[in-house]
Amino acid sequence: MGARDLIREAAEVLASRKNAVALTGAGISVESGIPAFRGAQGLWERYDPMEYATIAAFLRDPGKVWIMLSEMIDILARAVPNAAHRGLAELERMGILRSVITQNVDGLHQAAGSRKVIEFHGNAEALVCIACWKRYVSREKIRDGIPPRCECGEILKPDLVLFGEPIPWVAQGDAETEAEGCSVLLVAGTSAEVSPACEIPRLSKKRGAFVIEINPEETQLTRAVADLHIPATAGEALSSLVAAIRGN
Ligand code: OAD
């Protein structure tokens, strides 16, 4: 099937079933200038996640992990939503998309106007004290140097999920409800390599949902779970989908 046929079929499924949910990953923010985690330009090429992204590594040597975190927070602070974030917000306004489950911690779906966003891995905007739970605004706090400290003297950690930490239980529950209740799951920009987020497409599929995957590359979902794979960037695919549904 050619690219236009794939977009047309996906648009028909979305417009006829309406009840869609999106699952997004780092790939959807690449066009906003935020590198993904895996692959040639990925953050994990420069920082071994076992040394820089586990809760054990953070507690052992927060100063070291904060080198990676402050770089990430700096990049996120400069990023603005792209056509993919705007496309999903538009699908919500059109009454087609009911929610976005995102593994991203950049807040760009909300900035683009999506109202129901489930942050599966938290958000980098806030810092939280690992001892007294006091919260701070990331950008303000790291201006004074890293690792940032709470008034109580303890180390601050971004309010995001590191490897080895549980998914926030409200996000986990909401994501399962959305995944099981939708009739179309739109998976965009994730390698689907990290559990438990990568289980979400299977949950939807088991309940009879049609799974559309948007990713320039194939993933473990492409042949095993996806009903339709659109091999394009999220910005291109989602803006074409919105245009096709509008009948342009
Ligand atoms: P990955 O970096 O693992 O995967 C990004 C995916 O996006 C890849 O499959 C790319 O092919 C695809 N991609 C790249 N550019 C794209 C574009 N312009 N449009 C669409 N797709 C594009 O990122 P995630 O799957 O989000 O977790 O990674 C999952 C989790 O692993 C992250 O939330 C993070 C990370 O370690 C934690 O830190 C706990």
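Reading the values: the criteria
Residues numbered from 1 in each chain as written. Predicted model: local features only at pLDDT ≥ 70, side-chain atom pairs only at ≥ 80, totals over all residues. Heavy atoms only, no water. Near = heavy atom within 4 Å. Polar contact = N/O pair within 3.5 Å; in protein donor to acceptor, adjacent residues only side chain to side chain. Areas by Shrake-Rupley, 256 points an atom, 1.4 Å probe, with all protein chains shown as cover. 1 Å grid on protein atoms, 1.4 Å probe; cavity = no way out; pocket = protein on both sides within 12 Å on 5 of 7 lines; lining within 4 Å. Sits in = over half its atoms within 2 Å of the grid points. Nonpolar A, V, L, I, M, F, W, Y, C, P; charged D, E, K, R; others polar. Helix = DSSP H or I, 4+ residues; strand = E, 2+ residues; numbered from the N terminus.

**Q** What is the right way to look at the site of the ligand in this model?
**A** The ligand sits among 22 residues. The nearest are Ala26, Arg38, Thr190, Ser191 and Asn215. The contact in question runs from an oxygen atom of the ligand to an N or O atom on the backbone of Gln103, over 3.3 Å. Contact between the ligand and Asn215: an oxygen atom at 2.8 Å from a side-chain N or O atom of the residue. Burial of the ligand by the surrounding chains reaches 90%, relative to a free accessible area of 800 Å². Of the pockets mapped on this structure, the ligand occupies the largest pocket. Residues that form the shell around the ligand fall into these classes: 10 nonpolar, nine polar and three charged.

**Q** Which parts of the structure should I look at to understand unusual backbone geometry?
**A** Geometrically, the link from Ile146 to Pro147 is a cis peptide bond, its omega value of -5° lying close to zero. For Pro147, the position within the fold is in the loop between α8 (138-142) and β6 (156-160). Its identity is not glycine, yet Lys18 carries a phi of approximately 65°, on the positive side. On the secondary structure map, Lys18 appears in the loop between α1 (3-17) and β1 (20-24).

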